[in-house]
Amino acid sequence: MRILVVEDDRAVASFLKKGLEAEHYAVDVTGSGGEALSLAESVDYDLMVLDLMLPEMDGWELLRRLRGRKMSLPVLILTGRNRVEDRVRGLDLGADDYLTKPFAYRELAARVRALLRRGHRPPELKLQVADLELDRVERAVRRAGKTLQLTPKEFALLEYLMRNAGRAVTRAMIIEHVWDFSFDTMTNIVDVYINYLRRKVDVGFEPKLIETVRGTGYRLRTAEEEP
């Protein structure tokens, strides 16, 4: 699952990114309300963690514009504003939850999981291709009933391939969705992680699901396709 963290305090943003990525989420970070709105309109996020005190466009205005454009993206406000009036305003503007700073990371992680469970696309919380199953909330992967142990990046890569099963995706597309937007697209990191994933997903199982599309990138074979 992909989360957008909108936080202009670099230390807090780095803490959130590190913690959420350790729990197998793909995380993008911005300290700009305007950039956050643009990203929310162009990227398929599952959740936004939103600070209210932002430069240029504050969190109130960002939330108002999101809901004004009928965007159902779940939003968790994370802010130092702890007055009842602020909490009421945030929820009335369309936030799904409100957590004040300072906060315990365990509580934030639990609230994130709760929002994702009741999010706007529940049918996609569990993905399945052939005998390969991925639970996006519990972050569990099984093939033929056997549990596979994946690193956070391997999990994110497999999730992206499964969401695009049967369709070829380029290395640039993979980097954009699984790594940071500023990642060096000339690196061979995608090929390295595809090899890691193949060892866990395909070795010892039939049919082989991850295939190379020459000159393009990679694709995950669907259950209906012949080997």
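Above: the structure in question.
A brief report on the enclosed structure follows. (Residues numbered from 1 in each chain as written. Predicted model: local features only at pLDDT ≥ 70, side-chain atom pairs only at ≥ 80, totals over all residues. Heavy atoms only, no water.)

### Observations regarding the layout of surface pockets
And then number 1: Within this model, the largest pocket holds a volume of roughly 240 Å³.
And then number 2: Forming the walls of the largest pocket are 14 residues, and the residues nearest its centre are Asp44, Glu159, Tyr160, Arg163 and His177.
And then number 3: For the lining of the largest pocket, the elements supplying multiple residues, two or more each, are α6 (152-163) and α7 (171-178).
And then number 4: Ranked by residues supplied to the lining of the largest pocket, first place goes to α6 with four residues.
And then number 5: Each residue belonging to the lining of the largest pocket can be placed in one class, and the counts come to six nonpolar, three polar and five charged. (1 Å grid on protein atoms, 1.4 Å probe; cavity = no way out; pocket = protein on both sides within 12 Å on 5 of 7 lines; lining within 4 Å. Points joined across faces, edges and corners; volume = space filled by probe spheres on them. Helix = DSSP H or I, 4+ residues; strand = E, 2+ residues; numbered from the N terminus. Nonpolar A, V, L, I, M, F, W, Y, C, P; charged D, E, K, R; others polar.)

### With respect to the sheet that holds strand β10 (residues 169-170)
Either a parallel or an antiparallel arrangement is found when strands of a sheet pair, and the pairing is made through backbone hydrogen bonds.
And then number 1: As summarised here, the arrangement of the three strands in space is β10-β12-β11, forming an open sheet in which the pairing is antiparallel. Single-partner strands in this sheet number two, and they are β10 and β11 (210-213).
And then number 2: By the bridge criterion, two bridges tie β10 to strand β12 (residues 217-220) in an arrangement that is antiparallel. Note on β12: the bridge partner recorded for valine 169 is tyrosine 218.
And then number 3: With respect to the sheet, helix α8 (residues 189-201) is in contact with β11 and β12, its orientation differing from that of β11 by roughly 150°. (Pairing = 2+ DSSP bridges. Contact = heavy atoms within 4.5 Å. Axes fitted to C-alpha atoms, helices over the stretch in contact; angles between N-to-C directions.)

### Points about the pattern of salt bridges
And then number 1: A complete count under the given rule lists 25 salt bridges for this structure.
And then number 2: Here arginine 67 and aspartate 96 are joined by a salt bridge, their closest N and O atoms 3.2 Å apart. Here the residue arginine 67 occupies a position in helix α3 (residues 59-68), and aspartate 96 occupies one in the loop between α4 (84-93) and β5 (97-100), the gap between them amounting to 29 residues.
And then number 3: Given the relative accessible area of 35%, aspartate 96 is considered partly exposed. (Salt bridge = Lys/Arg side-chain N within 4 Å of Asp/Glu carboxyl O. Buried < 20%, exposed > 50% of the residue type's maximum accessible area, 1.4 Å probe, protein only.)

### Considering the pairing of strand β3 (residues 47-50)
And then number 1: Neither face of β3 is left uncovered, since the one carrying Leu47 and Val49 and the one carrying Met48 and Leu50 both have all their residues buried.
And then number 2: Pairing of strand β1 (residues 2-6) with β3, which is carried by four bridges, proceeds in the parallel orientation. Residue pairing for β3: leucine 4 is matched across the bridge by methionine 48.
And then number 3: Bridge count between β3 and strand β4 (residues 75-79): three bridges; the pairing is parallel. Looking at β4, one finds that methionine 48 is bridged to valine 75.

### Comments concerning the packing of aromatic side chains
And then number 1: What the rule picks out here adds up to three aromatic pairs.
And then number 2: Ring centres of tyrosine 193 and tyrosine 196 lie 5.2 Å apart, and the angle between their planes is 75°; on these two criteria the pair is classed as edge-to-face. With a gap of three residues between them, tyrosine 193 and tyrosine 196 both fall in helix α8, about one helical turn apart.
And then number 3: Classification of tyrosine 196 by relative accessible area gives partly exposed; the value is 34%.
And then number 4: Three or more aromatic residues link up through ring pairs in this structure, and these residues are Phe15, Phe103 and Tyr105.
And then number 5: Here arginine 89 stacks its cationic end above the ring of tryptophan 60, 4.1 Å away from the centre of that ring. (Phe/Tyr/Trp six-rings, centres within 6.5 Å; stacked < 30°, edge-to-face > 60°. Lys NZ or Arg CZ within 6 Å of the ring centre and 35° of its normal.)

### Thoughts on the nonpolar core
And then number 1: Leu158 and Ile174 are the most contacted members of the largest nonpolar core, which has 30 residues in total.
And then number 2: Mapped onto this core, the elements with two or more residues apiece are β6 (126-129), β7 (132-135), α6, α7, α8 and β12.
And then number 3: Ranked by the residues each element gives to this core, the list is headed by α6, at seven residues.
And then number 4: In this view, leucine 158 contacts Leu132, Leu134, Val141, Leu150, Leu197 and Val201; residues no more than four positions away in its chain are not counted.
And then number 5: Formed by 23 residues, the second largest nonpolar core is a distinct cluster that contains Leu50, Leu54, Leu66 and Leu73. (Core = buried A, V, L, I, M, F, W, Y, C linked by side-chain atoms within 4.5 Å.)

### Section: empty space enclosed by the protein
And then number 1: Taken as a whole and assessed by the stated rule, the structure comprises two cavities of 30 Å³ or more.
And then number 2: One number sums up the size of the second largest cavity: a volume of about 40 Å³.
And then number 3: Around the second largest cavity sit Glu21, His24, Tyr25, Ala26, Pro152, Lys153 and Ala156, which together line it.

### Topic: the side chain of glutamate 154
And then number 1: Here glutamate 154 lies in helix α6.
And then number 2: The buried category is assigned to glutamate 154, whose relative accessible area is 4%.
And then number 3: In this structure, glutamate 154 is in contact with Gln149, Tyr193, Tyr196, Leu197 and Lys200, ignoring residues within four places of it in sequence.

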